[in-house]
Amino acid sequence: MSAKGAGNEGKIETVEGHPLDHILRQDRLPHIWCPGCGLGSAMTCFAQAIERVDIPLKKQVLLSGIGCTGRIAGYVNVDSYHTTHGRAIPFATGLKIANPELCVTVFSGDGDLFAIGGNHFLHAARRNVDINVICVNNFNYGMTGGQQGPTTPVEAKTTTTRYGSFEHPFNLPYLAAAIGAVYVSRWTTLHCRHLEKSMEKALQKKGFTFIEIVSPCPTGFGRPNKLGEGLEELRYYREKSVIKNDASWDEMDLHMRGEEPIVVGDFLDTEKPTYLELEEQMLRKRGFMK
Ligand SMILES: Cc1ncc(C[n+]2csc(CCOP(=O)(O)OP(=O)(O)O)c2C)c(N)n1
Ligand code: SF4
């Protein structure tokens, strides 16, 4: 890195380390992500959050399915599993039930979690399994060439919707809340401090939590939809985002075009017994557990 400033022109400044270095698997770097991709910011927020909460890193487990977002499980230096496409949630459910002491997080893409993995998401949330699901929503299948996915907005161009998508997309916070999540929030990669706080909250909360991260994918979504490169998309987020914690669910639809706002916030924070708590209650009631 060249240091600019009085008397420093031409000098090389070497950076010895970063406070979060121990949270990354250095041997896996450099990462595969494109310039301007939001995944680095999303991963940094997560690294800050797992470091700050009062849960030893040894007890934290990170899982993902397949895709560019799925790489996160391989880069973060906690026990992690890069599972098959769409199967991170059943894997996480099994881990949590077998070892309730673990803090289990799934960090994956919109295609992975809501297309091939959609049914697993529904049932884990319905059961209120105590896991955290973080979805990076870039509105397309980034890794495989920018195809349309279940969150692609109406009119958006992808490699498989040349004339614009004509499918209604999922509104992810609405979906998560409707099927039983106890904590639901959405931020863009521009809102790093809010996002870190939400992650901290989710990691410490009992029950099924869901965080959506709206993130630039210049390669698959930004350029074809005139949102431009990563930095331009962040500018777009700055202009269009509205923090509204008490927004109505249908206000949270994402259009990603024109004057439509991007509503972000901490939308739901509630309590109800988890899958394991209900199981224990039931076993005690029937006399199978003291
Ligand atoms: C069973 C199976 N089907 C298809 C694929 C190909 N595939 C790899 S990644 C991916 C989509 C990833 O999209 P998303 O989850 O949105 O992640 P992104 O790359 O955008 O972060 C697909 C379909 C696969 N790996 N396995
Ligand atoms: S294709 Fe998109 S999501 Fe994948 S690394 Fe490139 S910018 Fe990021």
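Look up a bit, the structure's there.
Residues numbered from 1 in each chain as written. Chains lettered and ligands numbered in written order. Predicted model: local features only at pLDDT ≥ 70, side-chain atom pairs only at ≥ 80, totals over all residues. Heavy atoms only, no water.

K.L.:
Describe the nonpolar core, listing the residues and the values that go with them.
P.N.:
In terms of nonpolar packing, the biggest core is built from 43 residues, with Phe107, Met199, Ile213 and Met256 touching the most fellow members. Top contributing element to this core by residue count: helix 1 (residues 39–52), with eight residues. Not counting residues up to four positions away in its chain, the partners in contact with Ile213 are Ala42, Phe107, Ile134, Cys135, Val136, Asn137, Trp187, Thr188, Thr189, Leu195 and Met199. Of all hydrophobic cores here, the second largest spans 29 residues; its members include Ile89, Val106, Ala125 and Leu175. (Core = buried A, V, L, I, M, F, W, Y, C linked by side-chain atoms within 4.5 Å. Buried < 20%, exposed > 50% of the residue type's maximum accessible area, 1.4 Å probe, protein only. Helix = DSSP H or I, 4+ residues; strand = E, 2+ residues; numbered from the N terminus. Contact = heavy atoms within 4.5 Å.)

K.L.:
Please set out the pattern of salt bridges residue by residue, giving values where relevant.
P.N.:
This model, assessed by the stated rule, comprises 17 salt bridges. A salt bridge links Lys201 to Asp269; its shortest N-O distance comes to 4.0 Å. Pair noted here: Lys201 is in helix 7 (residues 192–204) and Asp269 is in strand 8 (residues 262–269), with a separation of 68 residues, a long-range link. Arg223 is the partner of Glu229 in a salt bridge, and the nearest nitrogen-oxygen pair spans 2.7 Å. Under the relative-accessibility criterion, Arg223 is labelled partly exposed at 42%. (Salt bridge = Lys/Arg side-chain N within 4 Å of Asp/Glu carboxyl O.)

K.L.:
How would you sum up the side chain of Ser215? Please name residues and give values.
P.N.:
Here Ser215 is to be found in the loop between strand 6 (209–214) and helix 8 (218–222). Leaving out residues up to four positions away in the same chain, Ser215 has contacts with Gly38, Leu39, Val136, Asn137, Asn138, Thr189, Glu233 and Tyr237.

K.L.:
Before we move on, can you summarise the site of ligand 2 with the specific residues and values?
P.N.:
Around ligand 2 lies a shell formed by Trp33, Cys34, Cys37, Cys68, Asn138, Gly142, Cys217, Pro218 and Thr219. Taken together, the residues of the shell around ligand 2 sort by class into six nonpolar, three polar and no charged. (Near = heavy atom within 4 Å. Nonpolar A, V, L, I, M, F, W, Y, C, P; charged D, E, K, R; others polar.)

K.L.:
So what's going on with a nonpolar patch on the surface? Residues and values would help.
P.N.:
A surface patch of nonpolar side chains, about 230 Å² in accessible area, is lined by Ile32, Ile66 and Met143. Inspection of the secondary structure puts Ile66 in the loop between strand 1 (60–64) and helix 2 (72–75). By relative accessible area, Ile66 is classed as partly exposed at 36%. (Patch = residues over 30% accessible without salt bridge, like charges linked within 9 Å, V, L, I, M, F, W, Y side chains within 5 Å. Areas by Shrake-Rupley, 256 points an atom, 1.4 Å probe, with all protein chains shown as cover.)

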